[in-house]
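Chain by chain, the residues run as shown.
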Amino acid sequence: MRSPLGPPMDRAEAVDLFAATLRGPVGRHYAARFARALHGLDLMCTCPLDAPCHADVLLRLANESGEGTALRTTRSSGRPR
């Protein structure tokens, strides 16, 4: 059965939406909190290394200056290989 909201998102679209949400008016509050809480920590995930992942967004957020207000999407950079 198809969703009335349209086709499901692929992995890259979901990660891009997550990054975009953290740039939004409500998300910026959470992004600042995530940046402080995650700074200096290692994150791990079960996603394949060559696939977009929410952890990529969180790692960039935690390691950027300015408390992560310049989040990029999966199309602009990926995890180190």
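Bear in mind the structure is a predicted one, so any value in this text is a computation, not a measurement.

**Student:** Report on helix H3 (residues 54-63), specifying residues and quantitative values.
**Tutor:** Of all the 10 residues making up H3, 7 are buried; the element is thus mostly covered by neighbouring parts of the structure. When H3 is considered as a whole, its buried residues turn out to be Ala55, Asp56, Val57, Leu58, Arg60, Leu61 and Ala62. Contacts made by the buried residues of H3 are with helix H1 (11-23) and helix H2 (27-38).

**Student:** Residues and numbers for the packing of H2 against H3, please.
**Tutor:** Axis separation between H2 and H3 bottoms out at 8 Å; the angle between their running directions is 80°. The orientation of H2 relative to H3 falls into the category roughly perpendicular. Where H2 approaches H3, its residues Ala31, Phe34, Ala35 and Leu38 are matched on the opposing element by Leu58, Leu61 and Ala62. Grouping the constituent residues of the contact of H2 with H3 by class yields 7 nonpolar, no polar and no charged.

**Student:** Describe in detail the nonpolar core, supporting the description with residues and values.
**Tutor:** Listed in full, the 10 residues of the largest apolar core are Val15, Ala19, Leu22, Ala31, Ala35, Leu38, Val57, Leu58, Leu61 and Ala62. Where this core is concerned, the elements lending two or more residues are H1, H2 and H3. It is H3 that provides the largest number of residues to this core, a total of 4 residues.

**Student:** Requested: an account of H2, with residues and values cited.
**Tutor:** Over its 12 residues, H2 extends 16 Å from the first C-alpha to the last, a length consistent with the 16 Å expected when each residue adds 1.5 Å. Where H2 is concerned, the buried positions are Gly27, Ala31, Ala32, Ala35 and Leu38. In a view along the axis of H2, the buried residues occupy a sector of 150°, so they form one face of it. Turned more than 90 degrees away from the buried face of H2, the exposed residues are Arg36 and Ala37. Turning to H2, the residues buried within the fold contact H1 and H3. Directly beyond the C-terminal end of H2, a positive phi value near 85° is found at Gly40.

**Student:** Can you explain the packing of H1 against H3? Please cite residues and give values.
**Tutor:** Running from N to C, H1 and H3 point in directions that differ by 30°, and their axes come no closer than 8 Å. Relative to H3, the crossing made by H1 is right-handed. Mapping the contact onto sequence places Ala14, Val15, Phe18, Ala19 and Leu22 in H1 and His54, Val57, Leu58 and Leu61 in H3. A per-class count over the contact of H1 with H3 returns 8 nonpolar, 1 polar and no charged.

Criteria and thresholds
- Residues numbered from 1 in each chain as written.
- Predicted model: local features only at pLDDT ≥ 70, side-chain atom pairs only at ≥ 80, totals over all residues.
- Heavy atoms only, no water.
- Buried < 20%, exposed > 50% of the residue type's maximum accessible area, 1.4 Å probe, protein only.
- Helix = DSSP H or I, 4+ residues; strand = E, 2+ residues; numbered from the N terminus.
- Contact = heavy atoms within 4.5 Å.
- Axes fitted to C-alpha atoms, helices over the stretch in contact; angles between N-to-C directions.
- Parallel < 35°, antiparallel > 145°, perpendicular 65-115°, else oblique.
- Nonpolar A, V, L, I, M, F, W, Y, C, P; charged D, E, K, R; others polar.
- Core = buried A, V, L, I, M, F, W, Y, C linked by side-chain atoms within 4.5 Å.
- Expected span 1.5 Å × (residues − 1).
- Arc of directions from axis to C-beta.
- Left-handed = near helix turned anticlockwise from the far one by under 90°.

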